[in-house]
Amino acid sequence: MFFKRNLGAKIALLPMIIISLTVFVGCIIYSFVYSLTNSKLIPVFNYVGFDQYERLFKTRKWDVAVENIFIYGIVFTIGCLVIGFLLAVLIDQKIRAESLFRTIFLYPYAMSFVVTGLVWKWVLNPTFGIEHSMHLWGFTWFELDWLVNRDLAIYAVCIAAVWQGAGFVMVLMLAGLRGIDEDIWKSLSIEGIPKWKSYIFVILPMIRPMVITSLVLIAAGVVKVYDLILALTSGGPGYSTTTPAMYVMENFFSRANLGQAFAASIIMFISVVCILAPWAYYEFYFRNREAKV
Amino acid sequence: MISNTIEARGPRPKHLSIGRIGMYCFIVMCALFFLMPLYVMLVTSFKDMDEIRSGNLLYIPKSLSFYAWPKAWGEACTGFVCEGLKPGLVNSLKITIPSVIVSVSLGAINGYALAFWRFKGAYFFFGLCLFGAFIPYQVMVYPLLKIESALGIYSSLPGIILVHTIFGMPILTLIFRNFYASLPIDLFKAARIDGGNFLKIFFYVIIPMSTPITIVAVILQVTGIWNDFLLGLIFAGRDNQPMTVQLNNIVQVDYGVAEYNVDMAATILTSMIPLAVYFVSGRWFVRGIAAGAIKG
Amino acid sequence: MKKFISILFYLTLPLSFISVSKAGGHMEAEVIHWWTSGGEQAAITKFAEAWEDMGNTWIDTAITGGENARGTTVNRIIGGNPPTAAQFNISKQFVDLVEQGQLQSLEEVASAEGWRDFIYPKALIETCEFEGEFYCVPVNIHSSQWMWINKEVFAKAGVPEPNTIQEFINVAPAIQDAGFIPLALGGQPWQESLMFDVVLSSTLGRDYSRQVYGDKDVSAFRDGRYELALQTFRDLNKFVDEGAPGRLWNDATAMVVEGKAAVQIMGDWARGEFAVAGKVAKEDYNCVIPGEEKYVGLGGDVFVFPKSSDPKVKEVQLKMASMMVNPTVQAKFNNAKGSLPMRLDVDTAAADACMKMGLELIKNPDALLKDSDDYNSPAFVNAWDDVLTEFRNDSGYSVADAMDDLENVLTSGL
């Protein structure tokens, strides 16, 4: 009986179930097991307890990486949401050449992170880039030394990332705005509420699902940020723009320090779970139950 | 259904007020900011190295130099093989096309099964799968290597296709499920009463309604897979190295002379396909999303 | 749908088999390396030519960046699809592979050809020998202890050319006043740590270097001398321009070549940049190994040969190993690479004045310096470099804090 009911669906979902169990769950277990070893270049089971974790938390570079991912996560997320919403509102003003503007704002999303990193590295280069251009134009006071300034370099990464991601958020928000009923606008204008107020206090709450979706899609990218920073700053100056994903990657590849890489990735995973679990609980348990009631 | 939701409401205002002029100024400035990197890439690729070192980044080239483009496309060397990006293009197509087809198909059928044919435990596995979207893929590289080598497909085309399918699955399943969940359930019930089984309903009822979401999914996957560097490097094998790996070989010189014009030309060439996809189908992308392809 | 997916898989399968069948022939060898820039390409071509002249096929897998290339090698060994030969540095990078039995022993050909008699300096043998057997082939030697000097800049500034780091620090303000950048530096971790190591070895000598990096002697590390070296390193910072972070080494060399900067501390590969610009050693530019005692380190490259279940592969591997140490091949390869050969009976007539200095120095066993990566794992070396690069870039990072963090690494057992 159990097998017969929804048999088609069960067979269809088999790949997903197998992949979730073997790859996703399997990888976490595998990584955890080997994070308890002192594996160097290749995974070897030499049990050392939680030494790798202890070392991780004693490493100054890891602290910097964690701090950076918070800065990046907050600035990038808010930047994308604010600029994406602003652009969507502008585009929604019945402007001319709407699709041209939309394409202009969206095209960076088609670029790879490596390309984004390279081109911004070029634009922000203090010797050849915008700063140089401004100096040639006589604005000798102009300074744009973000990439070589260890306190500002992480914000240069954020700018490049927002440039790439804001267009996608704009599209999502625009789709939300276009779903708003005409009558709502009519009644808002009858009541004489200024347009900017209506957008922020009335419309924004109405497109909340789109905001949440944008947030989730952006957030999934935040943890993984690696290629962009590699291409833009390689983690420098010093290691001031390093991130947890970079820390993991360099221990995997260049440092032949697998045990440490596994430990760092497990910590990354646990942090993600801690942030995500409440949302997932709300989304798939709480809301489902709500729906049934 | 689609076309209605995308157009702006009502006619454009006939008169340009000061506010509207200000708004246009602002939006044009934003557009210039977004375009600037692309512009810089283009002009730099047509300059020679002397002008790049001495001249103004934002100026158009004094004399058009076509040195960089053919070099990036077919002459730049990796080791002593000097074929530029050319072999990478074919490899990227060989990887991207099957990967997109397989992963989108899998996402669609997963989403369909989850939305309409719920069974006990399905959502538990869906939750697991979703966590997959947030696992840093660095964590999965080594175990996957082991799995693929046990299956005998490591460093081959099926190997890299499988990897892209796995990494694309969580988000694709999510957006397909959300889209299908927003379809009227009555339609599905009627089809079942008519005696439709799992596959029949999928092919005759669901697929015909899936155009907007499929366009969105395909566009997301094409750009995502095309732009991947790391997985291609690790899983594709030496004969299938995608264009991004070749791009990296050209631009990342530790011990060589950096030719920025060639770098920029190579960069544009590598981005050409996803850019074309966006320029051509961007409209449908926006429509697809507006038609409910992605929802909260 | 599932059928469709599986059909798709089968459709794409042949695409991958086409390339596999190509590799099934006679003496074919796939070589992974990271020599992708101009001079390096010329050099690896010499190997490939020599190999193909023997009637064989060379399959070239060049991957930019040592990290990517080494990572690929390891991944492919784990994945069961290893290359015939792969490049590593003269270091401890591949020790794990030997210990796990992943590499082919080259002892057969090494003892038959008498490698132990002709490989020079003898320290190279230590790199490759594990429990009495050879596991790698050293192919070239690079030393990193060089100071590259633009003679014209010093003439214009009216100060004498330095022979030690301290002398340089003394004259650097005058160079700055004359409108030049005293020290050209590329702000990448490896370049910064290279510079620091030159400061350390040239001011504190080779025994001290061994005590810290080799013996990991905490009391030697803490006796005040290392702090001094860190302080000197920080003093040098004043003479570096702001654009340094992320700069490539050859862009920094170009600053010296073009007369914008006075000095660069860089390995002997920088010579190639001067040569390309048409500059003549000892006339336009000078090369100095700073310090009262002159030391040269033994950097460079080796090739290793991953084990294969196929006995035919071993035959190919031994043949290639033998080819790489052949004196004629060595001469061609190293002249193209601008590095020193790993044996003394090689024709080095093409060497310029600076290269001759290096050749003379490596003949003296007392001048040979072992670098940190000759003693330590890549994990150790990189953790050390992390502290150094952050120390150079963050003026708020005190010497005392850096010492504590370095001691953590020193005692970490990495």
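Source: prediction; values computed, not measured. Here the residue numbers are simple positions, counted from 1 along each chain's written sequence. Numbering of ligands from 1 and lettering of chains from A proceed in the order in which they are written. Only residues with pLDDT of at least 70 are given local features in this predicted model, and only at 80 or more are side-chain atom pairs given and counted; all residues enter the totals for whole chains, interfaces and linings.

A look at the overall build of chain C
Here is step 1 of the chain: Helix and strand labels come from DSSP, where a helix needs a run of H or I of at least four residues and a strand needs a run of E of at least two; each type is numbered from the N terminus. The secondary structure content of chain C amounts to 20 helices and 13 strands.
Here is step 2 of the chain: Taken over C-alpha atoms, the radius of gyration is set against a globule rule of 2.2 Å times the number of residues to the power 0.38. Taking 22 Å as the expected radius of gyration for a compact globule of 414 residues, we find that chain C reaches 23 Å, a close match to that expectation.
Here is step 3 of the chain: Seen through its principal axes, chain C has C-alpha atoms that stretch 70 × 50 × 45 Å.
Here is step 4 of the chain: Residues with at least 20 other C-beta atoms within 10 Å of their own are called buried, those with 12 or fewer are called exposed, and the rest are partly exposed. The C-beta atoms themselves are positioned from the backbone. The buried share among the 414 residues of chain C stands at 52%.
Here is step 5 of the chain: Each residue is represented by a C-beta atom placed from its backbone, and any two residues with such atoms within 7 Å are regarded as in contact. Within chain C, residue pairs in contact and separated by at least 24 positions form 76% of the contacts whose partners lie at least 6 positions apart.

Topic: the overall build of chain A
Here is step 1 of the chain: Looking only at helices and strands, chain A features 13 helices and 0 strands.
Here is step 2 of the chain: Traced from its N-terminal end to its C-terminal end, chain A shows the element sequence α-α-α-α-α-α-α-α-α-α-α-α-α.
Here is step 3 of the chain: On the principal axes, the C-alpha backbone points of chain A span a range of 75 × 75 × 30 Å.
Here is step 4 of the chain: Burial analysis of chain A (293 residues in total) assigns 50% to the buried set.

Quick word on the interface of chain B and chain A
Here is step 1 of the chain: On the side of chain A, 81 residues touch chain B, which itself brings 78 residues to the contact.
Here is step 2 of the chain: The greatest single-element share of the side of chain B that touches chain A, amounting to 15 residues, is contributed by helix α14 (residues 260–293) of chain B.

So, the sheet that holds strand β7 (residues 146–150) of chain C
Pairing between the strands of a sheet comes from backbone hydrogen bonds, and it takes one of two forms, parallel or antiparallel.
All names here are of chain C.
Here is step 1 of the chain: Pairing is mixed in the open sheet, where 4 strands are placed in the order β8-β9-β7-β10. In the strand order of this sheet, the two ends are held by β8 (181–184) and β10 (285–288), each with one partner. Averaged over neighbouring strand pairs, the angle between their axes works out to 20 degrees when direction is ignored.
Here is step 2 of the chain: Comment: axis = line fitted to C-alpha atoms, over the contacting stretch for helices; angle = value between 0 and 180 degrees taken between N-to-C directions. Relative to strand β9 (residues 261–266), helix α13 (residues 249–257) is tilted by about 145 degrees, and along the sheet it contacts β7, β8 and β9. Two strands pair under a simple rule: DSSP has to find at least two bridges between them.

Quick look at the sheet that holds strand β12 (residues 299–304) of chain C
Residues and elements named next belong to chain C.
Here is step 1 of the chain: With mixed pairing, 5 strands are arranged side by side in an open sheet as β2-β1-β3-β12-β6. Only two strands of the sheet have a single partner each, and these edge strands are β2 (57–62) and β6 (136–142). On average, each strand axis in the sheet is inclined to that of its neighbour by 25 degrees, with strand direction left out of account.
Here is step 2 of the chain: Relative to β12, β6 is paired through 6 bridges, and the arrangement is antiparallel.

Here we look at the pairing of β9(C)
Residue and element names in this part refer to chain C.
Here is step 1 of the chain: The buried fraction of β9 amounts to 6 of the 6 residues, a majority that puts the element mostly inside the structure.
Here is step 2 of the chain: In this sheet, β9 lies alongside β8 in parallel orientation, the contact comprising 3 bridges. Within β9, the residue paired with I181 across the bridge is A261.

Side note on the domain arrangement of chain C
All names here are of chain C.
Here is step 1 of the chain: Note that the domain bounds reflect an automated or database-derived domain assignment. Examined at the domain level, chain C breaks down into domain 1 (28–142 + 298–345) and domain 2 (146–297 + 367–410).
Here is step 2 of the chain: Between the C-alpha centres of domain 1 and domain 2 there is a distance of 30 Å.
Here is step 3 of the chain: Listed by partner, the interface residues are 10 residues for domain 1 and 14 residues for domain 2.
Here is step 4 of the chain: Charged residues are taken to be Asp, Glu, Lys and Arg, nonpolar residues to be Ala, Val, Leu, Ile, Met, Phe, Trp, Tyr, Cys and Pro, and polar residues to be all remaining types, Gly included. Here the residues of the side of domain 1 that touches domain 2 sort into 3 nonpolar, 6 polar and 1 charged.

Details of the packing of helix α6 (residues 122–134) of chain B against helix α8 (residues 157–181) of chain B
All names here are of chain B.
Here is step 1 of the chain: Their axes nearest at 7 Å, the elements α6 and α8 cross at an angle of 120 degrees. The angle between α6 and α8 places the two elements in the oblique class. As α6 packs across α8, the resulting crossing turns out to be left-handed. Touching F126, C129, L130, G132 and A133 of α6 are M169, P170, I171, T173 and L174, all from α8.
Here is step 2 of the chain: Here the contact of α6 with α8 is built from residues that sort into 8 nonpolar, 2 polar and no charged. An angle counts as roughly parallel when it lies under 35 degrees, as roughly antiparallel when it exceeds 145, as roughly perpendicular when it falls between 65 and 115, and as oblique in every other case. Two helices cross in a left-handed way if the nearer one is turned anticlockwise from the farther one by less than a right angle. They cross in a right-handed way if the turn is clockwise.

What about the packing of helix α5 (residues 113–124) of chain A against helix α2 (residues 18–45) of chain B?
Here is step 1 of the chain: Their axes nearest at 10 Å, the elements α5(A) and α2(B) cross at an angle of 85 degrees. For the element pair α5(A) / α2(B), the angle class is roughly perpendicular. When α5(A) is examined against α2(B), the residues A:V119, A:W120, A:W122 and A:V123 are found in contact with a partner set consisting of B:P37, B:V40 and B:M41.
Here is step 2 of the chain: The class makeup of the residues in the contact of α5(A) with α2(B) is 7 nonpolar, no polar and no charged.

Comments concerning the nonpolar core
Here is step 1 of the chain: One nonpolar core equals one set of buried Ala, Val, Leu, Ile, Met, Phe, Trp, Tyr and Cys residues connected by C-beta atoms within 7 Å. In terms of nonpolar packing, the biggest core is built from 186 residues, with A:V157, A:M173 and B:A72 touching the most fellow members.
Here is step 2 of the chain: For this core, the element with the most residues is helix α7 (residues 153–178) of chain A, which contributes 19 residues.
Here is step 3 of the chain: When residues are assigned to domains, this core turns out to be shared by domain 1 (15–72) and domain 2 (86–293) of chain B, each giving three or more.

Topic: unusual backbone geometry
Here is step 1 of the chain: Going from A:G236 to A:P237, the amide bond is cis rather than trans, its omega being -5 degrees.
Here is step 2 of the chain: Following the sequence through the fold, A:P237 ends up in the loop between α11 (227–232) and α12 (244–252).
Here is step 3 of the chain: The linkage connecting C:Y120 with the following residue, C:P121, adopts the cis geometry, with an omega of -5 degrees.
Here is step 4 of the chain: Checked against the element boundaries, C:P121 lands in the loop between α6 (115–118) and α7 (123–128).
Here is step 5 of the chain: Positive phi values are uncommon outside glycine, yet A:A97 reaches one of about 50 degrees.

Regarding the confidence of the model for chain C
Residues and elements named next belong to chain C.
Here is step 1 of the chain: Every residue carries a pLDDT, the predictor's confidence in it, which falls somewhere between 0 and 100. The pLDDT averaged across chain C works out to 88; a share of 93% of its residues lies at or above 70.
Here is step 2 of the chain: Contacts of residues 1–25 to residues separated by more than four positions or lying in other chains number 22 contacts, the stretch itself having pLDDT below 50.
Here is step 3 of the chain: ipTM for the predicted complex: 0.84, alongside a pTM of 0.86.

What to know about the pairing of β12(C)
All names here are of chain C.
Here is step 1 of the chain: Counting buried positions along β12 gives 6 out of 6 residues, so the element sits mostly inside the fold.
Here is step 2 of the chain: Alternating residues of β12 divide into G299, D301 and F303 and G300, V302 and V304, and every residue in both groups is buried.
Here is step 3 of the chain: In this sheet, β12 lies alongside strand β3 (residues 85–89) in antiparallel orientation, the contact comprising 4 bridges. Bridging from a neighbouring strand, Q87 pairs with F303 of β12.

Looking at the confidence of the model for chain A
Here is step 1 of the chain: Taken over all residues, the pLDDT of chain A has a mean of 86, while the share at 70 or more is 94%.
Here is step 2 of the chain: At the low end of the mean pLDDT range in chain A sits helix α13 (residues 258–292) of chain A, at 77; at the high end sits helix α3 (residues 60–91) of chain A, at 94.

A few points about the environment of A:V162
Residues and elements named next belong to chain A.
Here is step 1 of the chain: Inspection of the secondary structure assignment puts V162 in helix α7.
Here is step 2 of the chain: The class for V162 is buried, based on 23 C-beta atoms found within 10 Å.
Here is step 3 of the chain: Not counting residues up to four positions away in its chain, the partners in contact with V162 are F76, G79, C80 and I83.

Regarding the environment of C:M255
All names here are of chain C.
Here is step 1 of the chain: Following the sequence through the fold, M255 ends up in helix α13.
Here is step 2 of the chain: With 24 C-beta atoms packed within 10 Å, M255 lands in the buried category.
Here is step 3 of the chain: In the structure, M255 is positioned 101 residues away from F154 in sequence and 14 Å away in space, judged by C-alpha atoms.
Here is step 4 of the chain: Setting aside anything within four residues of it in sequence, one finds M255 in contact with I181, A184, K260 and A261.

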